[in-house]
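# Summary of the model geometry
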Amino acid sequence: MGPSFIVILLNSPTYFPYLDSCRLNKQKLGLFATPSVPHKFYATTQEMSKAIPTDLTWNCVLGRKETGNQRLDYECRFVIGQKEPKGFALFKSVTEKKGDPHMLRMLGTLYIRGQGTDKDPILGMHYLHKAVDAGSTAALFDIAGCYFSGKCGIEQDWAKSIPYLTKGADAGDADAMYILGNCFLGGMGVDKDPSKAAALFQKAADLGLADACVDLGELYIQGTGVPIDEKKAIPLFQKAADDPKLGWKAQLNLSDFYLYGMEGVSQDVKTGLSYLQKAVKKGDPTGLFRLGRCYDLGVGVEKNVKRAIDLYKRSVEGGCGTAMYGLSEHYLKGYGVPFDPEKAISLLQKSAKMNDRQGLWRLGRCYATGEGVEKDAKKAVELYQRSVGRGCAIAMYDLSEHYMNGEGVTFDPEQAVSLLERASNEGITPAMRKLAKYYKEGIGVDVDLIKALSLLKNAADAGDTQAMMELSGHYVMGEGIPIDMNRAVPLIQRAYEMGNTEAGITLGWGLLMGAYDMKRDVRRAIPILKKAAEESSDAKTMLALCYECGLGVNRDVNKANTLFQEVIDKGYASAIIKVATYLEHGAFHGPKDVTKAYQLYTRAACAGDKSAQASLFELLACCLNAFEAI
């Protein structure tokens with residue numbers, strides 16, 4: 001067994017005087033000056049490590065001094081070998097004689113860890129309590145930690161940790177504030193109270209604790225325990241951004257703010273990428289995934305799918321469950337990699353095992369649709385429920401469909417509506433549209449057109465083009481609100497500019513026929529309809545009508561017949577009937593043209609469409625009645 005040492009390690013020799021407060025200054029170290037147990041000062045950990053094997057050391061914080069944003073710890077390192085009785089017995093004797101709170105705390109810690117002596121958690125707790133009685137607030141945190149974790153040979157009991165955390169927090173210990181805040185946030189040992197958690201995080205953040213800054217910032221983003229306020233989150237993340245342990249997490253949050261321009265900060269892609277690159281340099285797998293996402297979508301960088309996939313793979317190797325989900329999408333679509341559903345499902349299963357909410361949701365959707373796996377509604381519901389439990393809003397939307405349809409779960413419209421409400425509050429616009437439909441039709445809720453329109457407006461304001469079209473329809477038809485084309489047309493125009501095909505059809509028809517109180521402009525209508533015709537049979541029918549009648553284009557009957565036939569061959573005679581109906585009734589404030597309607601009905605009827613045949617019969621009957629009336 002090697003010799004015993006008592007080593008005092010200071011952050012800097014200039015802070016020797018600080019040891020006065022610990023009653024361990026240079027003059028008072030005579031208690032340790034024995035031939036068998038010499039003492040020695042070292043200025044840095046590196047300097048001490050060169051002289052003494054570090055595997056024979058343990059340390060205890062004697063004191064702490066706050067200097068601006070810097071926290072200086074003063075540590076006492078004892079090097080006495082593995083369970084070396086002389087050194088430990090001497091330290092114990094000196095500690096009990098002096099009654100110093102920091103030394104009592106260390107003695108308790110040594111017994112709990114079994115360092116320098118046999119492990120004895122009960123005796124360790126005894127000395128920790130003596131340290132508390134002597135004035136050590138840090139020992140309060142240690143006792144709470146033993147009860148909280150249950151890893152120190154003490155039975156886990158969250159409730160028993162609360163009084164000690166509370167005393168530590170009241171005494172100004174930032175770590176105690178932070179852990180106590182997490183207890184209130186998760187309901188561990190106390191009743192769940194997010195507002196108390198936020199208040200404790202705020203106190204700890206004010207003391208400079210990076211963990212509290214990051215968590216409080218995320219509470220402001222989520223609106224948990226505090227009102228949603230992204231402006232307040234930003235300075236908290238900035239405060240923690242340079243922290244060596246949690247800086248990466250703050251940097252990731254800041255990168256999102258600047259890359260996408262959230263409330264409280266203007267979009268600044270360069271700054272956003274800078275924060276993201278800092279997180280990536282620290283090897284953070286989540287940062288690798290998000291940088292890959294930028295290359296995947298072309299956010300702030302030139303779109304590069306190959307580069308994105310490489311970053312996803314590196315992130316997957318680092319254990320990022322969300323990256324497993326992101327990479328699986330490429331294998332499911334064969335986008336940038338060979339189509340490989342088996343590999344995609346394997347990645348999603350690994351992501352789900354890690355309880356990644358997006359991985360759980362996407363695997364659930366695979367089971368719901370039979371994509372890459374055998375269709376299994378019950379399995380889909382189980383995965384959706386786990387994802388919802390992790391806060392995934394899109395999973396709430398998908399799960400609501402299962403409750404409403406009774407697929408894989410008992411039919412429960414109230415639960416479906418509740419899930420849609422939650423998803424809507426999280427900003428999922430399809431959920432807002434679906435909920436608006438339920439309120440409009442009284443599905444699972446009482447009919448409430450005002451609520452339905454409010455939801456559609458929220459979705460439209462959030463950029464959902466389908467919501468814009470549905471809301472414009474209410475203004476056109478006067479459903480729940482007065483007819484107002486001045487409000488309807490801008491919604492249609494905006495949806496068209498954002499790439500909505502239905503909006504292109506509607507805008508094209510309005511300009512072609514002067515519908516929706518638009519000023520007729522056939523030349524402007526043609527390129528809009530041509531673009532929409534690439535995806536829509538309705539637009540192709542309208543374009544065919546233009547060629548047949550020479551509206552905005554040179555009359556070309558052959559071209560018209562070709563377009564009409566393409567619509568019929570694809571089984572979309574209904575598109576021809578729809579346009580015929582517009583003309584027959586002068587829909588949407590457009591002109592009536594019974595002759596053109598008759599011609600279109602005839603085309604669809606000759607193709608064997610029974611609906612067109614019935615419409616044609618009704619039109620002829622109306623014409624005959626009108627003739628007899630004359």
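Residues numbered from 1 in each chain as written. Predicted model: local features only at pLDDT ≥ 70, side-chain atom pairs only at ≥ 80, totals over all residues. Heavy atoms only, no water.

### What about the layout of surface pockets?
Over the atoms, a rolling probe the size of a water molecule traces out where space has been left empty. Applied cut-off: Two kinds of site are reported from a 1 Å grid over the protein atoms alone, namely cavities, where a 1.4 Å probe fits but cannot get out, and pockets, open sets with protein on both sides within 12 Å along at least five of seven lines, and residues are called lining when an atom falls within 4 Å of a point. Grid points are joined across faces, edges and corners, and a volume is the space filled by probe spheres set on the points. Helix and strand definitions follow DSSP, with helices as H or I runs of at least four residues and strands as E runs of at least two, each counted in order from the N terminus. For this classification, Asp, Glu, Lys and Arg are treated as charged, while Ala, Val, Leu, Ile, Met, Phe, Trp, Tyr, Cys and Pro are nonpolar and the rest, including Gly, are polar.
Its volume calculated, the largest pocket comes out at about 2200 Å³. Surrounding the largest pocket, 43 residues form its lining, Gln222, Asp256, Arg290, Arg357 and Gln358 being those nearest its centre. Per element, the largest residue contribution to the lining of the largest pocket is eight residues, and it comes from helix 11 (residues 247-260). Of the residues contributing to the lining of the largest pocket, the split by class is 20 nonpolar, 12 polar and 11 charged.

### Observations regarding the nonpolar core
Our working rule: For the purposes of this section, nonpolar cores are sets of buried Ala, Val, Leu, Ile, Met, Phe, Trp, Tyr and Cys residues that join through side-chain atoms within 4.5 Å. The cut-offs for exposure are 20% and 50% of the maximum accessible area for each residue type, with area from a 1.4 Å probe on protein chains only; residues under the lower value are buried, those over the upper are exposed, and the others partly exposed. Working rule for contacts: check all heavy atoms of both residues, and any pair within 4.5 Å makes them a contact.
Formed by 114 residues in total, the largest nonpolar core has its most connected members in Trp509, Leu512, Leu583 and Leu600. For this core, the element with the most residues is helix 29 (residues 573-585), which contributes eight residues. When neighbours within four sequence positions are excluded, leucine 600 is seen to be in contact with Leu545, Phe564, Ile576, Val579, Ala580 and Leu583. Of all hydrophobic cores here, the second largest spans 61 residues; its members include Leu104, Ala144, Tyr220 and Tyr275.

### Considerations on the environment of glycine 283
Take glycine 283: it is sitting in the loop between helix 12 (269-281) and helix 13 (285-297). For the pair glycine 283 and serine 315, spaced 32 residues apart in the sequence, the C-alpha separation amounts to 9.1 Å.

### So, the environment of lysine 245
We count it as follows: We call two N or O atoms a polar contact when they sit within 3.5 Å, provided that within protein one can donate a hydrogen and the other can accept it, with sequence-adjacent residues counted only if both atoms are side-chain atoms.
With respect to the element layout, lysine 245 can be found in the loop between helix 10 (230-240) and helix 11. For lysine 245, a relative accessible area of 54% gives the class exposed. Separated by 37 residues in the primary sequence, lysine 245 and lysine 282 place their C-alpha atoms 10.0 Å from one another. Among the polar contacts listed, one links the side chain of lysine 245 to the side chain of aspartate 211, at a separation of 3.3 Å.

### Quick notes on the packing of aromatic side chains
Keep this limit in mind: Put simply, two rings from Phe, Tyr or Trp (the six-membered ring, in Trp's case) pair if the centres are within 6.5 Å, and we call them stacked under 30 degrees between planes, edge-to-face over 60, tilted for the rest.
What the rule picks out here adds up to nine aromatic pairs. With a centroid separation of 6.2 Å and an interplanar angle of 20°, the aromatic rings of tyrosine 147 and tyrosine 164 are classed as stacked. Remark: tyrosine 164 occurs in helix 6 (residues 158-170) and tyrosine 147 occurs in helix 5 (residues 137-149); sequence separation between them is 17 residues. The same class applies to tyrosine 147 and to tyrosine 164, which are both buried.

### So, the pattern of salt bridges
Cut-off, in case you're wondering: Definition used for salt bridges: Asp or Glu carboxyl oxygen within 4 Å of a side-chain nitrogen of Lys or Arg.
Going through the model one piece at a time under the given rule, you end up with 17 salt bridges. Put simply, aspartate 538 and lysine 578 hold a salt bridge, and the shortest N to O gap is 2.7 Å. Of this pair, aspartate 538 sits in helix 27 (residues 537-549) while lysine 578 sits in helix 29; the two residues are 40 residues apart in sequence, bridging distant segments of the chain. We classify lysine 578 as partly exposed; its relative accessible area is 37%.

### A closer look at helix 23 (residues 465-477)
Definition in use: Multiplying 1.5 Å by the residue count of a helix minus one yields the expected span of that helix.
Over its 13 residues, helix 23 extends 18 Å from the first C-alpha to the last, a length consistent with the 18 Å expected when each residue adds 1.5 Å. All of the buried residues along helix 23 are Thr465, Ala467, Met468, Met469, Leu471, Ser472, His474, Tyr475 and Val476. On its buried side, helix 23 packs onto helix 21 (429-441), helix 22 (449-461), helix 24 (485-497) and helix 25 (501-513). A distance of 3.0 Å separates the backbone nitrogen of glutamine 466 from a side-chain oxygen at the start of helix 23, and that oxygen is part of aspartate 464. Trailing helix 23 by a residue or two, glycine 478 shows a phi angle of about 70°, which is positive.

### As for the packing of helix 23 against helix 24
Short version of the rule: Here the axes come from fitting lines to C-alpha atoms, over the contacting stretch only for helices, and the angles between their N-to-C directions go from 0 to 180 degrees. Put simply, angles under 35 degrees are roughly parallel, angles over 145 are roughly antiparallel, angles from 65 to 115 are roughly perpendicular, and the rest are oblique. Definitions for this section: a left-handed crossing has its near helix turned counterclockwise from the far helix by less than a right angle. A right-handed crossing has that turn clockwise.
Where helix 23 meets helix 24, the closest approach of the two axes is 8 Å, and the angle between their N-to-C directions is 160°. The angle between helix 23 and helix 24 places the two elements in the roughly antiparallel class. Once helix 23 is placed against helix 24, the crossing between them reads as left-handed. Seen from helix 23, the contacting residues are Thr465, Met468, Met469, Leu471, Ser472, Tyr475 and Val476; seen from helix 24, they are Met485, Arg487, Ala488, Leu491, Ile492, Arg494 and Ala495. The residue makeup of the contact of helix 23 with helix 24, split by class, is 10 nonpolar, two polar and two charged.

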